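Read off the chains here:
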Amino acid sequence: MKPYSLPDDQGHFGQYGGSFVSETLVHALDELKRAYEKYRNDPDFQNEFAYELKHFVGRPSPVYHARRWSERLGGAQIWFKREDLNHTGAHKINNCIGQILLAKRMGKPRIIAETGAGQHGVATATVAARYGLECVVYMGSEDTRRQASNVYRMKLLGATVVPVDSGSRTLKDALNEAMRDWVTNVENTFYIIGTVAGPHPYPAMVRDFQAVIGNECLEQMPAEAGRQPDYVVAAVGGGSNAMGIFHPYIDHENVQLIGVEAAGEGLDTGRHAASLNAGAVGVLHGNRTYIMQDENGQIIETHSVSAGLDYPGVGPEHAWLKDCGRAQYVGVTDEEALQAFHDCCRTEGIMPALESSHAIAHAVRLAPTLPKDKIILVNLSGRGDKDMHTVAERSGISL
Ligand SMILES: *Cc1c(COP(=O)(O)O)cnc(C)c1O
């Protein structure tokens, strides 16, 4: 088998990916592509990236054997990759560090981003503060209301949060505003995209920055568990934590890769965020992929108990991995994710993010069907403190 080497020069993963943007941005994307090609092989850049990941983010994050839970389930051994222990509480910071180091080298003093739940906005505001760059974050006004504490965190970190009042006032509207800002201010502005989506080279670049997750696992699993895992399981919103842990394992053919989408209230209710399981091929956010759209090609509102999985598309590389069968994509409902959240708190003393709880729920479903010597590695993409209000509300408790 040929070693895996996608995307091609134009950013294609099979029929997916590419670059669907206005003329004004073609030049900016070329500039970004050239800068990324140059710096990804530059030892100074790689050393600074590694230094920041170690000293600012706190990497490497450990792998952890969920021994009590595995014993209770009576099947395969469940391991967690602890991205929840990173600075700011999730994997998103890995990618933000990578992109802000590029912005600095490209001489762009102004950073923009868009955010739904606010997690990527907070990670971006964090690195902008760390490097002293101006930061503007677009957020649907409905989301600024729902996620008021993340808005305040961004402001504390010195960012300007711009509420977007168009459309449904959520993530897809914030995406459009961020693209519009970029077109207008392309000379001095770097757009930090938070997942493996957007026009080429973003999906590949974000994947490469997040691949630190899987690369650490490649060394940690043989050292701690005695061998590589049989399954790698990760939640998929846009798909960056999943691509980060999957990518180094793609050439390991004996390792099964499973992405878990938010099935919300159920795949057949239409109230979910499962683009790969129940969406159709279209163009969103500058690339071709599976998206949540109605029969007229309009983006439809997604639904999930976990705000971070509420993205109406999915990274094009996942679309490709699904079609060619290298990865498998399943759905987990709100109820199942909440159950996994509570069980994880009580059984392992770890409060997972609701996004990560989707991946854990699938591992818990899978483990009892497998022998005890099998290993399931779950990417625990973030910590759940941010979700306490949501969980309490669901349990009829007001905090
Ligand atoms: C944002 C987020 C996700 C979903 O984003 P991906 O790009 O799919 O990784 C998952 N987990 C956590 C903790 C998040 O904050």
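In case you missed it, the structure is sitting above this.
Counting restarts for each chain, with residues numbered from 1 along the sequence as it is written. Note on the predicted model: pLDDT of at least 70 is required for a residue's local features to be given, and 80 or more for side-chain atom pairs to be given and counted; whole-chain, interface and lining totals, by contrast, use all residues. Only heavy atoms go into the side-chain values, all of them from the structure, while hydrogens and water stay out.

**Student:** Explain the overall build of the chain here, please?
**Tutor:** In this description a helix means any DSSP run of H or I spanning at least four residues, a strand means any run of E spanning at least two, and both kinds are numbered starting from the N terminus. In terms of helices and strands, the chain carries 16 helices and 14 strands. Restricting the calculation to C-alpha atoms gives the radius of gyration, and the globule rule supplies 2.2 Å times the number of residues raised to the power 0.38. On C-alpha atoms alone, the chain measures out to a radius of gyration of 20 Å, which is about the 21 Å that the 2.2 N^0.38 rule sets for 399 residues. In terms of overall dimensions, the chain has a C-alpha envelope of 60 × 50 × 45 Å along the principal axes. Per-residue accessibility, obtained with a 1.4 Å probe over protein chains only, is compared with the maximum for each type, and a residue is labelled buried under 20%, exposed over 50%, and partly exposed between these values. By the burial criterion, 59% of the 399 residues in the chain qualify as buried. We call two residues contacting when some pair of their heavy atoms lies within 4.5 Å. Partitioning the contacts of the chain with sequence separation of at least 6, the portion at a separation of at least 24 is 74%. Of the accessible surface of the chain, which amounts to about 15800 Å², a share of 48% is contributed by carbon and sulfur atoms. Within this scheme the basic residues Lys and Arg register as positive and the acidic residues Asp and Glu register as negative, but His and the chain ends are omitted. Charge placement uses NZ in Lys and CZ in Arg. For Asp and Glu, CG and CD serve respectively. For the chain, the separation between the mean place of its 38 positive charges and that of its 48 negative charges on side chains is 4 Å. With residues, only the protein chains shown are counted as cover, and all accessible areas are computed by Shrake-Rupley using a 1.4 Å probe.

**Student:** What is the right way to look at the sheet that holds strand β8 (residues 189-191) in this model?
**Tutor:** Backbone hydrogen bonds are what pair the strands of a sheet, in a parallel or an antiparallel way. Pairing between strands requires that DSSP locate at least two bridges from one strand to the other. Strand order in the open sheet made by the four strands is β7-β6-β5-β8, with parallel pairing throughout. With one partner strand each, in any of the chains shown, β7 (160-164) and β8 form the two edges of the open sheet. Across the sheet, the mean angle separating the axes of adjacent strands is 25° when strand polarity is ignored. Bridge analysis of strand β5 (residues 110-115) against strand β6 (residues 134-140) gives six bridges, and the strand direction is parallel. Paired with Ala113 across the strands is Val137, a residue of β6. Comment: axis = line fitted to C-alpha atoms, over the contacting stretch for helices; angle = value between 0 and 180 degrees taken between N-to-C directions. Together, β5 and β8 form the strand contacts of helix α4 (residues 92-105), whose direction differs from that of β8 by roughly 160°.

**Student:** Sorry, what's going on with helix α15 (residues 354-366) here?
**Tutor:** Because each turn of an α-helix spans 3.6 residues, side chains separated by three or four positions end up pointing in the same direction. Its 13 residues place the ends of α15 19 Å apart at the C-alpha level, agreeing with the 18 Å of an ideal helix rising 1.5 Å per residue. In terms of burial, α15 is largely enclosed, as eleven of its 13 residues are buried. In a helix, the anticipated span is given by 1.5 Å times the number of residues less one.

**Student:** I would appreciate a short explanation of the packing of α4 against helix α9 (residues 202-210) in the present structure.
**Tutor:** The relative placement of two packed helices comes down to the angle between their axes together with the axis-to-axis distance. Running from amino to carboxyl end, α4 crosses α9 at an angle of 115°, the nearest separation of the two axes being 8 Å. As α4 runs across α9, the sense of the crossing is right-handed. Seen from α4, the contacting residues are Lys92, Asn94, Asn95, Gly98, Gln99 and Leu102; seen from α9, they are Tyr202, Met205, Val206, Phe209 and Gln210. Polarity classes work like this: nonpolar for Ala, Val, Leu, Ile, Met, Phe, Trp, Tyr, Cys and Pro, charged for Asp, Glu, Lys and Arg, and polar for all others, with Gly in that last group. When its residues are assigned to classes, the contact of α4 with α9 shows five nonpolar, five polar and one charged. Crossing handedness is read from the near helix: turned anticlockwise from the far helix by less than a right angle, it gives a left-handed crossing, and turned clockwise, a right-handed one.

**Student:** Where do I start with the packing of aromatic side chains in this structure?
**Tutor:** Two numbers describe a pair of aromatic rings. These are the distance of the centres and the angle of the planes. When two rings of Phe, Tyr or Trp (its six-membered ring) have centres within 6.5 Å they constitute a pair, described as stacked for plane angles under 30 degrees, edge-to-face for angles over 60, and tilted for the intermediate range. Per the counting criterion, the structure on display carries nine aromatic pairs. Taken together, Tyr36, Tyr39, Phe45, Phe49 and Phe209 form an aromatic cluster joined through their ring pairs. We count a charge as sitting over a ring when the NZ of a lysine or the CZ of an arginine lies within 6 Å of the ring centre and within 35 degrees of the ring normal. The ring of Tyr39 has Arg105 sitting right over it, with the charged end atom 5.7 Å from the ring centre. Against the face of Tyr290 rests Lys322, its NZ or CZ located 5.8 Å from the ring centre.

**Student:** Any chance you could explain the pattern of salt bridges here in plain terms?
**Tutor:** Proximity of charged atoms lets side chains of opposite charge pair with each other. Any Lys or Arg side-chain nitrogen located within 4 Å of an Asp or Glu carboxyl oxygen qualifies as a salt bridge. Under the defined criterion, the tally for this structure stands at 28 salt bridges. Between Arg105 and Glu48 there is a salt bridge, and its shortest N-O distance comes to 2.9 Å. Taken together, the positions of Arg105 in helix α4 and Glu48 in helix α2 (residues 43-57) put the pair 57 residues apart, joining distant regions of the chain. Taking the relative accessible area as the measure of exposure, Arg105 reaches 25% and is therefore partly exposed. Owing to a relative accessible area of 22%, Glu48 belongs among the partly exposed residues under this scheme. For the salt bridge of Glu317 with Arg207, the shortest nitrogen-to-oxygen distance reads 3.1 Å.

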